[in-house]
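Residues per chain, in single letters:
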Amino acid sequence: MSRTESAVNSFRKPYSCAQTVFAAFSDGAPDEELMREMLANSGGRAPENMCGALFAAVSLRPDKAEEIKKRFAEKAGSTRCQELKSVHKTPCAECVRIAAQTLEDI
């Protein structure tokens, strides 16, 4: 199973959008403190209303943050949670898939 599939499969079972991407790309068991940070930045609560799945991807690869944000926005329509949901009608599970796939591609 790819990391993208793992992320999509664990979304809401039991993880939030940010947690699921973070867990799928962490080597071994993810750190509990970092998982709490990911939860706190899920559901539109990340800085600048950034998508939680995208927040996790950027947190994992800060050296590629701008490239990740650009690729994510091209595929999802925006980087902001509220716009993704209300304007672009992008489901959260799709945001998880896009963020995880972007990480795999990079």
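Rules used throughout
- Residues numbered from 1 in each chain as written.
- Predicted model: local features only at pLDDT ≥ 70, side-chain atom pairs only at ≥ 80, totals over all residues.
- Heavy atoms only, no water.
- Helix = DSSP H or I, 4+ residues; strand = E, 2+ residues; numbered from the N terminus.
- Contact = heavy atoms within 4.5 Å.
- Salt bridge = Lys/Arg side-chain N within 4 Å of Asp/Glu carboxyl O.
- Buried < 20%, exposed > 50% of the residue type's maximum accessible area, 1.4 Å probe, protein only.
- Core = buried A, V, L, I, M, F, W, Y, C linked by side-chain atoms within 4.5 Å.

### Let's talk about the environment of Arg71
Next up, step 1: Position of Arg71 relative to the elements: it lies in helix H5 (residues 65-76).
Next up, step 2: For Arg71 and Leu103, which are 32 residues apart along the polypeptide, the C-alpha to C-alpha distance reads 10.0 Å.
Next up, step 3: Residue contacts for Arg71: discarding those within four places in its chain leaves Thr102, Asp105 and Ile106.

### Description of the pattern of salt bridges
Next up, step 1: A full pass over the atoms with the stated rule returns five salt bridges.
Next up, step 2: For Arg61, the salt bridge identified is with Asp63, shortest N-O distance 2.9 Å.
Next up, step 3: By relative accessible area, Arg61 is classed as partly exposed at 26%.
Next up, step 4: With a relative accessible area of 56%, Asp63 lands in the exposed category.
Next up, step 5: With its nearest N and O atoms 2.8 Å apart, the salt bridge here joins Arg71 to Glu67. Note that Arg71 and Glu67 are positioned in helix H5 at a spacing of four residues, about one turn of the helix.
Next up, step 6: We classify Arg71 as partly exposed; its relative accessible area is 26%.

### Notes on the nonpolar core
Next up, step 1: Within the largest apolar cluster, 31 residues are counted, with the highest numbers of intra-cluster contacts made by Val21, Cys51, Ala53, Leu54, Phe72 and Val96.
Next up, step 2: Secondary-structure elements contributing two or more residues to this core are helix H2 (17-25), helix H3 (32-40), helix H4 (52-60), H5 and helix H7 (92-105).
Next up, step 3: Of the residues forming this core, the biggest block, seven residues, is contributed by H2.
Next up, step 4: Once residues within four sequence positions are removed from consideration, Val96 is found in contact with Ala7, Val8, Phe11, Cys17, Thr20, Val21 and Ala53.

### A short note on H4
Next up, step 1: For H4, the tally of buried residues reaches seven of nine residues, placing the bulk of the element in the interior.
Next up, step 2: Buried residues of H4: Gly52, Ala53, Leu54, Phe55, Ala56, Ala57 and Val58, and no others.
Next up, step 3: Its buried side turned inward, H4 meets H2, H3, H5 and H7.

### A few points about the side chain of Ser42
Next up, step 1: The topology assignment puts Ser42 in the loop between H3 and H4.
Next up, step 2: For Ser42, a relative accessible area of 4% puts it in the buried group.
Next up, step 3: Setting aside chain neighbours within four positions, we find Ser42 in contact with Ser16, Cys17, Ala18, Gln19 and Gly52.

### A word on H2
Next up, step 1: With nine of nine residues buried, H2 is to be regarded as a mostly interior element.
Next up, step 2: Every buried residue of H2 is accounted for by Cys17, Ala18, Gln19, Thr20, Val21, Phe22, Ala23, Ala24 and Phe25.
Next up, step 3: Those residues of H2 hidden inside the fold are in contact with helix H1 (3-10), H3, H4 and H7.

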